[in-house]
Amino acid sequence: MEDGASLNVSELAKESTKKEATSRIPRIPLMILAPLLVVIALAATIIPNTLILENASQESVQMLSSSYLQSMMQIIVTQTQQSVERAIPALQSLMGQRAVRTAMTTNFNDLPHADVLLENMLIARIENKLDGVSCFTGRWAAGYGNGSPVNATTVDTTVVTITANVQAKTPAEYAVPIVAIMEDSVNKSTMRAYPANPLTHLLYNPNTPVLTAPYDATGYASVRAQLGPDYYPYYNRTEPVLSVTVDSYGTKTANMFLLGKNNASSPYPDFTCSVSIGVESTWNYILYSTKPTPDSIIVIFGQKNLSVIATSGKYSSTLAVNNVTGLVQYEKLPDDEKTLRLRQHVLDTFGVFNGTFAPGNASYEANLFDDEAWIVNVRVISFGIYDDGKVLLVSALPRKDIFGQIDAAHTRSIGVSVGIAVGMSVLTALTFALVALPLAQLARAMKTLTQLDFAALEKGKVLEARSLLLELYNVQVTFSTMVKAFAGGIKKNKEMVIRNTASASQSRPTTAPTASR
C-alpha cells in the first residue's frame, strides 16, 4: 500500500486491471446466461408436460385400438362360425329324416328319382343360404375289406351333393342349383349332374344328366369314417366336424359334416351328410369387409401345415369367367405376398398349429414387411367341440395406421418446442442486449475515466447515451453527472493550482544587489 501511495490514479487503475486479469474464475456474459436460463426454464416446463401428454395419448390410443382390434377379431370369429354353424340344426334335422337315411343306405340305383331326399336337401340349402348340401355313403367293394387300401377301386361310394352350377358359362346358369349324383353301383366313379327347379325342388329331367364327369370321393373324411377306425380314428363322433376341401374345379369349401347310422347295431357310421359354404364367396368376403385399414391383412389358417384357408388379400366380389375353363366362377386369385409372409411369420413364432397346441389369444408388435412395425392379433376359432375343428385367425396391420398421427404430432410437438425455445432465446438475448450493451459501454467509459481521458469520453458521446430502461437510464444519468462533476472539479482544481502558483510568484519579495563601498 505504501508503494501504491505514490502512484497516480491511472497507474492504480492499470495495476488493478492486471490483478483482475489473473483471476481464474470464469465470467459468463449476460447475453448468454439469460437465454440459457430461459431455455432451461422452458425445458423444465415443456418436456414434462409433453411427456405426460404423449404417454397419456399413447395409452389411450393403445387401449382403444386394442379394444377395437379385439372386437374386430370377435366379429370375424362370430361371422365365420355362424356362416357354417347356423345350418347345423338343418343338418341334424336332415340326418334324422327316415327318407334320407333310407335313400342313402339302401337305394343305390335310382337316386335321381328319390324326390323326398332331394327336396329336403334343396330346401335345406335354399333356406339356410348355403353353397352346398351333401350326403355320402362309403362301403367296401366286393373282394375288399379292412386292411385294403382306400381308393376308387376298393371302395364303392354314393354321393348326392347340391351346389351352384360349377359348369355355368353365365351368371344366370350359375344361380341354378345343380344336383350331382354318383352311384358306383350304376356307373363307377362317375358323377352325373342334373339341374333342379328352385321352386318345386325337383329335377327338371331326372332321366338325362346334363353332365357326366369322373369323381373320386374316397379321400373325404366323411367317407373314410364309414370304413373303420384304421381309416378315420374318430368314426364314433356324434357332433358335427369341420372339414375344408378343394374340389376338382378348384372351389374351396368349408364343411360341417355329421356321422349317422341307419342301423343302430352297425359298428361304424352308415352315411354322412354335410353343409358347406364357399370360402371365396363367404369367408374371404368376411375378412375383406372387416379388415380395419386398406393395408391390413387377415388370414384364416388351417392345422395341416398352417395352410391358408381364407384371406382378405384375395377376395373377389363378382363372378368372372375362368380364362382356362371358360366357366363362370368366383375369381380364384393366388395367395398374395402379405398372406404368405404372414404365414411364415406365424410358423416361425408359434410353430406348427394343432388343436392342442395353439397360441391362444395373443396381441403383439412385430416387424413383418419392409422392417415396419405391425400389430399382430391371433385368435383361435373353434367349429364344433373337437380339437381338429379349430382354425387360426391372424390379423396384422401397420402400426403407423393407428399411431401414425400421434407419432407425427409428437414430431411436430418437438419441432414447435424447439422453435419456441430458439425464438424465446433470441428474444431474450435481444432484450438483455438492451441491458448488457449499455453496461458494457459504461464499463469501457469507466476504464477510460481511470485514465482521466475526459476528451475521449466527450468524443465518444457516451455521456449522452440514454437507455429506454429506467434503471439503466438512472445509472447513465448519474454516471454522466459524476463524470462531468469530476471533470469540472479537476478543471477547477487545476485552475486553482495555476492561480495559486501565479499568485505566489507575484507576491515573492525581490532582493536588490548591495553596492560596494
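Residues numbered from 1 in each chain as written. Predicted model: local features only at pLDDT ≥ 70, side-chain atom pairs only at ≥ 80, totals over all residues. Heavy atoms only, no water.

**Q** Sorry, what's going on with the nonpolar core here?
**A** Nonpolar side chains in soluble globular proteins tend to end up buried together. Ranked by size, the top nonpolar core spans 52 residues in total, and within it Leu-117, Val-160, Trp-283 and Leu-393 carry the most contacts. Sort the elements by how many residues they give to this core and helix H3 (residues 30–85) lands first, with six residues. Here Trp-283 is in contact with Thr-80, Ser-83, Val-84, Ala-254, Ile-277, Gly-278, Ile-300, Ile-309, Ala-310 and Phe-383, once residues within four sequence places are set aside. One finds Ile-297, Val-299, Ala-362 and Ala-396 within the second-largest nonpolar core, a separate group that totals 19 residues. (Core = buried A, V, L, I, M, F, W, Y, C linked by side-chain atoms within 4.5 Å. Buried < 20%, exposed > 50% of the residue type's maximum accessible area, 1.4 Å probe, protein only. Helix = DSSP H or I, 4+ residues; strand = E, 2+ residues; numbered from the N terminus. Contact = heavy atoms within 4.5 Å.)

**Q** Explanation requested: the sheet that holds strand E10 (residues 308–311) in the structure shown.
**A** To summarise the sheet geometry, strands pair through backbone hydrogen bonds and adopt either a parallel or an antiparallel arrangement. Across the sheet, which stays open at both edges, the five strands sit in the order E10-E9-E15-E14-E13 with antiparallel pairing between neighbours. Edge strands, defined here as strands with exactly one partner in the open sheet, are E10 and strand E13 (362–367). The sheet shows a mean angle of 25° between the axes of neighbouring strands, taken without regard to direction. Here six bridges tie E13 to strand E14 (residues 373–382), and the two strands are oriented antiparallel to one another. Bridge assignment links Ala-366 to a residue of E14, and that residue is Trp-374. (Pairing = 2+ DSSP bridges. Axes fitted to C-alpha atoms, helices over the stretch in contact; angles between N-to-C directions.)

**Q** Can you walk me through the state of the cysteines in this structure?
**A** Where two cysteines share a covalent bond between their sulfur atoms, that bond is called a disulfide. Summed over all chains, the structure comprises one disulfide. Between the sulfur of Cys-135 and that of Cys-273 lies a disulfide, 2.1 Å long from S to S. Residues Cys-135 and Cys-273 share a disulfide whose torsion about the S-S bond is about 100°; that sign makes it right-handed. With Cys-135 in strand E1 (residues 132–140) and Cys-273 in strand E8 (residues 271–278), this residue pair connects regions lying 138 residues apart in the sequence. (Disulfide = S-S within 2.5 Å.)

**Q** Would you mind going over the environment of Met-104 with me for this structure?
**A** Within the secondary structure, Met-104 sits in helix H5 (residues 98–105). Since its relative accessible area comes to 0%, Met-104 is described here as buried. Along the chain, Met-104 and Gly-138 lie 34 residues apart, while their C-alpha atoms are 10.0 Å from each other.

**Q** I'm lost on helix H6 (residues 115–127) in this one. Help?
**A** Since one α-helical turn is 3.6 residues long, residues separated by three or four positions face the same way. Taking 1.5 Å of rise per residue, 13 residues should cover 18 Å, and H6 covers 18 Å from first to last C-alpha, within 8% of that figure. Looking only at H6, the buried set comprises Leu-117, Leu-118, Asn-120, Met-121, Leu-122, Ala-124 and Arg-125. The first or second residue beyond H6 is Lys-129, which carries a positive phi of 50°. (Expected span 1.5 Å × (residues − 1).)

**Q** When you look at the pattern of salt bridges in this model, what are you seeing that I'm missing?
**A** Opposite charge on two side chains makes pairing possible when the charged atoms of those side chains draw close. According to the stated counting rule, one finds eight salt bridges in the structure shown. Note that Glu-337 is salt-bridged to Arg-341, the shortest N-O span being 3.5 Å. Of the two residues, Glu-337 and Arg-341 both sit in helix H10 (residues 337–350), four residues apart, roughly one turn of that helix. A residue is classified by how much of its surface remains accessible, and Arg-341, at 35% relative accessible area, is partly exposed. Here the salt bridges do not stand alone but share partners, grouping Asp-156, Asp-184 and Lys-188 into one network. (Salt bridge = Lys/Arg side-chain N within 4 Å of Asp/Glu carboxyl O.)

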